[in-house]
Amino acid sequence: MKFGQLIVILTSILVSVIVVSGARTHNEPEPLVETKLGKAKGSILKTVRGVEFKAFRGIRYAQAPVVDKRFKAPESVNSWGKNTLDATKDGFKCPQPFLAKETMSEDCLFLNVYTKSLTGKKPVIVHIHGGANYFGSSDSETEVGPEYLMDSNIVLVTINYRLGALGFLSMKTKEAPGNYGYLDQVMALQWVKDNIVSFGGNPDSVTISGQSSGGIAVTLHMASPLSKGLFHRAITMSGSGTNHFYVDSVAWTRRLATALACPMYNPKDVIDCLRQASWEKIIEVRGILELYGFSDIQWGPEVDGHFLLDTPTNVFARGDFNKVDIIAGITKDELNYLYESQSSNIGLLNDISINFDKYAPQLFIFNSKDENTIEKSDKIKKFYLKNKPIKDQAFSNFAVIFSDAIINHGVHRLVQLARKYVNVFYYRFDYLGRFSIFPDENNKPRGVSHADDLQYIFGNKWFGKRISQADPEMFMVDRMTKWWTSFAKDGFPCTENDIKWLPSNKTHVYTMFNDKSIHLGPEPYQERYQLWDEMFPVKK
Ligand SMILES: *[C@@H]1O[C@H](CO)[C@@H](O)[C@H](O)[C@H]1NC(C)=O
């Protein structure tokens with residue numbers, strides 16, 4: 001079972017126990033905001049502690065990226081005129097698998113703004129959701145609920161951006177350069193800079209945050225000349241563009257084109273044909289492009305000479321990035337359980353054991369045509385599997401390779417490169433609450449999985465339950481939101497019991513281990529990272 005499918009199943013099974021704390025109260029008049037673009041009517045929601053705040057949801061920040069605007073940079077919007085915009089509901093989600101069709105539209109470039117008051121200049125957090133660049137949204141009920149962060153005096157903005165082929169398809173030519181989803185994010189950040197003051201936000205104090213592919217996006221904005229000046233701090237949870245990923249986007253484009261009976265090679269013909277396919281069809285076809293239910297990363301960033309001038313690793317290594325302070329980290333067990341459903345796929349695991357070097361580049365996202373591919377694969381096999389066949393205990397070791405290859409090493413590299421220039425508050429999230437995105441058959445957490453930390457920052461349906469004040473996990477909501485909002489306010493995540501979260505810098509590396517109690521220590525998993533550092537050295 002894949003991550004996304006799991007979420008859908010979790011969502012449908014557990015939907016009955018969800019406590020929605022974002023209900024409207026009826027005694028409060030609907031809030032109105034006056035922006036440069038026009039007037040908007042919002043709604044009043046309540047925080048987990050019952051404090052009211054204003055929500056303006058479903059605000060368009062770019063023109064509908066449809067028909068001839070598909071596979072292109074977004075176009076900005078003008079005033080919506082004299083009418084008052086109804087901003088009381090989330091906008092459409094961008095096309096993706098697993099969701100009800102009527103909740104989605106290709107016209108999906110909307111954002112939500114949450115604020116205590118429309119005056120003053122509060123620090124702003126803009127959150128970029130995760131979902132492997134092909135699923136997820138800013139939805140206030142299901143994914144990025146504001147009811148924890150809004151107990152602090154900040155303005156929160158959550159954004160949609162184009163996903164999958166519609167967001168990232170590339171032929172590495174001017175007809176289809178890729179990066180559309182990232183350019184959407186740039187446009188949303190520009191919208192924040194231009195308009196957030198109307199919502200009581202400070203355009204000169206913007207923190208971008210993201211998780212997983214959203215965390216990768218955060219680091220790409222640090223590397224992009226287009227995002228320069230649009231934000232002042234950055235938080236990345238379990239994702240960094242300073243990974244070694246090699247994604248053959250042209251090959252993926254051709255596979256999509258063939259599946260839709262489109263031409264495959266001449267960029268103009270390919271794109272003209274793909275522009276005529278319905279988004280429903282494009283989403284549907286994605287399924288058949290997936291291979292084994294392991295990591296199937298098809299669409300990612302392109303070095304297009306516009307959004308990115310070089311690979312993020314090279315940009316960070318040169319110190320050529322948008323230098324802002326960072327919070328960056330991982331969860332203790334990341335992807336160790338994500339592929340559990342394959343643990344009884346005996347034939348596949350046997351074939352991978354025997355032909356490890358043929359599968360490894362695809363599973364761990366490196367170039368199968370590098371001259372030392374086989375050598376790399378052999379090193380991985382020896383280090384993690386001790387050359388044993390992938391079954392029983394060796395399956396757990398096999399799973400750890402995904403955690404390191406896909407998440408951990410990229411974050412390690414970000415910390416090691418960026419700390420020479422900026423403060424990096426490095427963490428590992430170790431706390432095991434009662435809920436996990438990836439529970440076992442008794443609905444108990446297997447460990448501290450990828451995304452498990454998200455439930456303490458945003459109200460989210462994936463976990464089956466939203467945390468409330470009476471829950472034993474509430475202290476973690478308080479801790480995480482306090483760290484995040486104090487970092488957004490003055491650049492330092494304030495800590496408790498006199499334990500100061502020292503940043504990693506040019507001379508020192510510290511990791512904050514965030515369990516029931518907290519402590520600072522050296523970087524974890526160093527011998528594992530050494531292997532990846534050797535296989536994928538930073539260019540000097
Ligand atoms: C790095 O951090 C250490 C410990 O907090 C501190 O003593 C040192 O002055 C810092 N170095 C720089 C260059 O800021």
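Residues numbered from 1 in each chain as written. Predicted model: local features only at pLDDT ≥ 70, side-chain atom pairs only at ≥ 80, totals over all residues. Heavy atoms only, no water.

Colleague: Just checking my understanding: could you explain helix H14 (residues 526–535) for this structure?
Modeller: Side chains of residues three or four places apart in an α-helix project in the same direction, reflecting 3.6 residues per turn. Within H14, the full set of buried residues consists of Arg-528, Tyr-529, Leu-531, Trp-532 and Met-535. In a view along the axis of H14, the buried residues occupy a sector of 150°, so they form one face of it. Elements in contact with the buried residues of H14: strand S11 (325–331), helix H11 (373–385), helix H12 (393–418) and strand S12 (424–429). (Buried < 20%, exposed > 50% of the residue type's maximum accessible area, 1.4 Å probe, protein only. Helix = DSSP H or I, 4+ residues; strand = E, 2+ residues; numbered from the N terminus. Arc of directions from axis to C-beta. Contact = heavy atoms within 4.5 Å.)

Colleague: It is not clear to me how the sheet that holds strand S9 (residues 201–211) should be interpreted in this structure. Could you clarify?
Modeller: Hydrogen bonds between backbone groups are what pair the strands of a sheet, and the pairing can be parallel or antiparallel. Judged by pairing direction, the sheet is mixed, and its 11 strands sit side by side in the order S3-S4-S6-S8-S7-S9-S10-S11-S12-S13-S14 without closing on themselves. Each of the sheet's edge strands pairs with one partner strand only, and the pair in question is strand S3 (43–46) and strand S14 (518–521). Adjacent strand axes in the sheet meet at a mean angle of 25° when their direction is disregarded. Two elements, S12 and strand S13 (residues 511–514), share 3 bridges in a ladder whose sense is parallel. When the sheet's bridge partners are listed, Tyr-427 is paired in S13 with Met-512. Sheet strands in contact with helix H3 (residues 180–195) are strand S4 (52–60), strand S6 (110–115), strand S7 (122–128), strand S8 (155–159) and S9, and its direction is about 165° off that of S7. The sheet contacts of H12 involve strand S10 (233–237), S11 and S12, and relative to S11 the element is tilted by about 155°. (Pairing = 2+ DSSP bridges. Axes fitted to C-alpha atoms, helices over the stretch in contact; angles between N-to-C directions.)

Colleague: Would you take a moment to explain the packing of aromatic side chains for this structure?
Modeller: Within a pair of aromatic rings, the relevant descriptors are the distance that separates the centres and the angle that separates the planes. For the coordinates displayed, the defined rule picks out 34 aromatic pairs. The structure contains a cluster of three or more aromatic residues connected by ring pairs, namely Phe-294, Tyr-339, Phe-356, Phe-364, Phe-395, Phe-398 and Phe-402. Above the plane of the ring of Tyr-421 lies Lys-323, whose end atom (NZ or CZ) is 5.6 Å from the centre. Over the face of the ring belonging to Phe-383 we find Lys-386, whose NZ or CZ atom lies 5.9 Å from the ring centre. (Phe/Tyr/Trp six-rings, centres within 6.5 Å; stacked < 30°, edge-to-face > 60°. Lys NZ or Arg CZ within 6 Å of the ring centre and 35° of its normal.)

Colleague: So what exactly am I meant to see when it comes to the nonpolar core here?
Modeller: Here is a general trend for soluble globular proteins: nonpolar side chains tend to be buried in one another's company. Grouped together as the largest cluster of nonpolar side chains are 160 residues, with contacts concentrated most on Val-157, Phe-364, Phe-398, Trp-484 and Trp-532. Looking at which element gives the most residues to this core, the answer is H12, with 13 residues. Looking at which domains feed residues into this core, each of domain 1 (3–77 + 91–245 + 298–341 + 400–514) and domain 2 (349–398) gives three or more. With residues near it in sequence (within four places) discarded, Trp-532 still touches His-244, Phe-364, Ile-380, Tyr-384, Ile-401, Asp-404, Ala-405 and His-409. (Core = buried A, V, L, I, M, F, W, Y, C linked by side-chain atoms within 4.5 Å. Domains from an automatic or database assignment.)

Colleague: Whenever I open this one, the domain arrangement of the protein confuses me. Can you help?
Modeller: Quite often, the size of an interface is put as the accessible area lost when its parts meet. Under the domain assignment, the protein is made up of domain 1 (3–77 + 91–245 + 298–341 + 400–514) and domain 2 (349–398). Each of domain 1 and domain 2 was reduced to a C-alpha centroid, and the two centroids are 32 Å apart. Contacts between the two partners involve 10 residues from domain 1 and, on the opposite side, 11 residues from domain 2. Between domain 1 and domain 2, roughly 960 Å² of surface is buried when both sides are summed, and carbon and sulfur atoms account for 71% of that area. Considering only the surface of domain 1 that becomes buried against domain 2, Val-400, Ile-401 and Phe-402 emerge as the three largest contributors, covering 56% of it. At the surface where domain 1 touches domain 2, the tally comes to 0 salt bridges. Here domain 1 is connected to domain 2 by 7 residue pairs in polar contact (both at pLDDT 80 or more). A breakdown of the residues in the side of domain 1 that touches domain 2 according to their chemical character gives 7 nonpolar, 1 polar and 2 charged. (Buried area = accessible area lost by both parts, 1.4 Å probe. Salt bridge = Lys/Arg side-chain N within 4 Å of Asp/Glu carboxyl O. Polar contact = N/O pair within 3.5 Å; in protein donor to acceptor, adjacent residues only side chain to side chain. Nonpolar A, V, L, I, M, F, W, Y, C, P; charged D, E, K, R; others polar.)

Colleague: Sorry, what's going on with the pattern of salt bridges here?
Modeller: Here the idea is simple: oppositely charged side chains can pair when their charged atoms come close. In this structure the tally under the stated criterion is 24 salt bridges. The salt bridge partner of Asp-333 is Lys-332, with a shortest N-O separation of 3.7 Å. Judged by relative accessible area, Asp-333 falls into the buried class, the value being 9%.

Colleague: Can you help me understand the environment of Ile-354 in this one?
Modeller: Note on placement: Ile-354 falls in helix H9 (residues 346–354). Sequence separation of Ile-354 and Asn-387 is 33 residues, and the distance between their C-alpha atoms is 10.0 Å.

Colleague: Honestly, the site of the ligand in this entry has me stumped. Any pointers?
Modeller: Asn-505, Thr-507, His-508 and Tyr-510 make up every residue found near the ligand. In this structure, an oxygen atom belonging to the ligand sits 2.3 Å away from a side-chain N or O atom of Asn-505. Computed on the free molecule, the ligand has an accessible area of 360 Å², of which 45% lies beneath the protein chains in the complex. Looking at the shell around the ligand, its residues break down into 1 nonpolar, 3 polar and no charged. (Near = heavy atom within 4 Å. Areas by Shrake-Rupley, 256 points an atom, 1.4 Å probe, with all protein chains shown as cover.)

Colleague: When you look at the sheet that holds strand S2 (residues 38–41) in this model, what are you seeing that I'm missing?
Modeller: Spatial ordering of the open sheet is given by S1-S2-S5, a layout of 3 strands whose pairing is mixed. The outermost strands of the open sheet, each flanked by one partner alone, are strand S1 (32–35) and strand S5 (85–86). Bridging between S1 and S2 involves 4 bridges; their strand directions are antiparallel. Bridging across to S2, Leu-32 finds its partner in Lys-41.

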